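Residues per chain are reported as follows:
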Amino acid sequence: MVDIKQQIFQELTNLEEVAVRLRSTAVNAGKQTDLEVAILTEQVKGLREKNEKATEMINQSISILKKLK
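In this convention, every chain numbers its residues from 1, walking through the sequence in written order. The model is predicted, so local features are restricted to residues of pLDDT at least 70 and side-chain atom pairs to those at 80 or more, both for listing and for counting; the totals for chains, interfaces and linings are taken over all residues. Hydrogens are left out, water is left out, and the side-chain values use all remaining heavy atoms of the structure.

## Quick notes on the overall build of the protein
Going by this rule: Where helices and strands are cited, they refer to DSSP runs of H or I of at least four residues and of E of at least two residues respectively, numbered from the N terminus. Values of the radius of gyration come from C-alpha atoms, whereas the globule rule sets the reference at 2.2 Å times the count of residues to the power 0.38. Any residue under 20% of the maximum accessible area for its type is buried, any over 50% is exposed, and the rest in between are partly exposed; the area is computed with a 1.4 Å probe on protein chains only. His is not counted, nor are the chain ends; Lys and Arg add positive charge and Asp and Glu add negative charge. A charged residue contributes its charge at one atom only: NZ of Lys, CZ of Arg, CG of Asp or CD of Glu.
The helix and strand inventory of the protein stands at 1 helix and 0 strands. Against the globule reference of 11 Å for 69 residues, the protein gives a C-alpha radius of gyration of 30 Å, more extended than a compact globule. Dimensions of the protein, computed from C-alpha atoms along their principal axes, come out at roughly 100 × 10 × 5 Å. Counting only residues that meet the buried cut, the protein has 0% of its 69 residues in that class. Within the protein, one finds 11 positive and 10 negative side-chain charges whose respective centroids are separated by 16 Å.

The following block contains the structure:
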């Protein structure tokens, strides 16, 4: 009976250790995801700014070409 109790406690200890590792992995994955979202947000912001500048330059070019006709 003592051996069975000892085995049960050992299994519970192992299970607790696995749960702690899984929690840690989940927290780290969440942090990684937040970092990735922040990076992508900055990249999109930069692309939007470049797109606005390109649109302005195209509009200026069209305006110049119309004046030359």
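## As for a negative patch on the surface
The following threshold applies: What makes a patch is a set of residues exposed beyond 30% relative accessible area and free of salt bridges, joined within 9 Å when like-charged and within 5 Å when nonpolar (Val, Leu, Ile, Met, Phe, Trp, Tyr). The Shrake-Rupley method, run with a 1.4 Å probe sphere, supplies the accessible areas, and residue values consider only the shown protein chains as cover. Salt bridges are defined as contacts in which a side-chain nitrogen from Lys or Arg sits within 4 Å of a carboxyl oxygen from Asp or Glu.
Negative charge collects at one region of the surface, where Glu 42, Glu 49, Glu 52 and Glu 56 lie side by side. Turning to its location among the elements, Glu 42 is positioned in helix H1 (residues 2-68).

## Focus on the environment of Ala 54
Relative to the elements of secondary structure, Ala 54 occurs in helix H1. Here Ala 54 falls in the partly exposed class, since its relative accessible area comes to 32%. Ala 54 sits 48 residues away from Gln 6 along the chain, and the two C-alpha atoms are 72 Å apart.

## A short note on the environment of Thr 41
Note the following rule: Any pair of nitrogen or oxygen atoms within 3.5 Å is treated as a polar contact; in protein, a donor-acceptor pairing is required on top of that, and neighbouring residues in sequence qualify only through side-chain atoms on both sides.
Here Thr 41 is to be found in helix H1. A relative accessible area of 47% means that Thr 41 is categorised as partly exposed. Residues Thr 41 and Glu 11, spaced 30 residues apart in sequence, show a C-alpha to C-alpha distance of 45 Å. Within the local environment of Thr 41, its side chain forms a polar contact with the backbone oxygen of Val 37, the two atoms lying 2.7 Å apart.

Treat this as a map of the structure, not an account of what it does.
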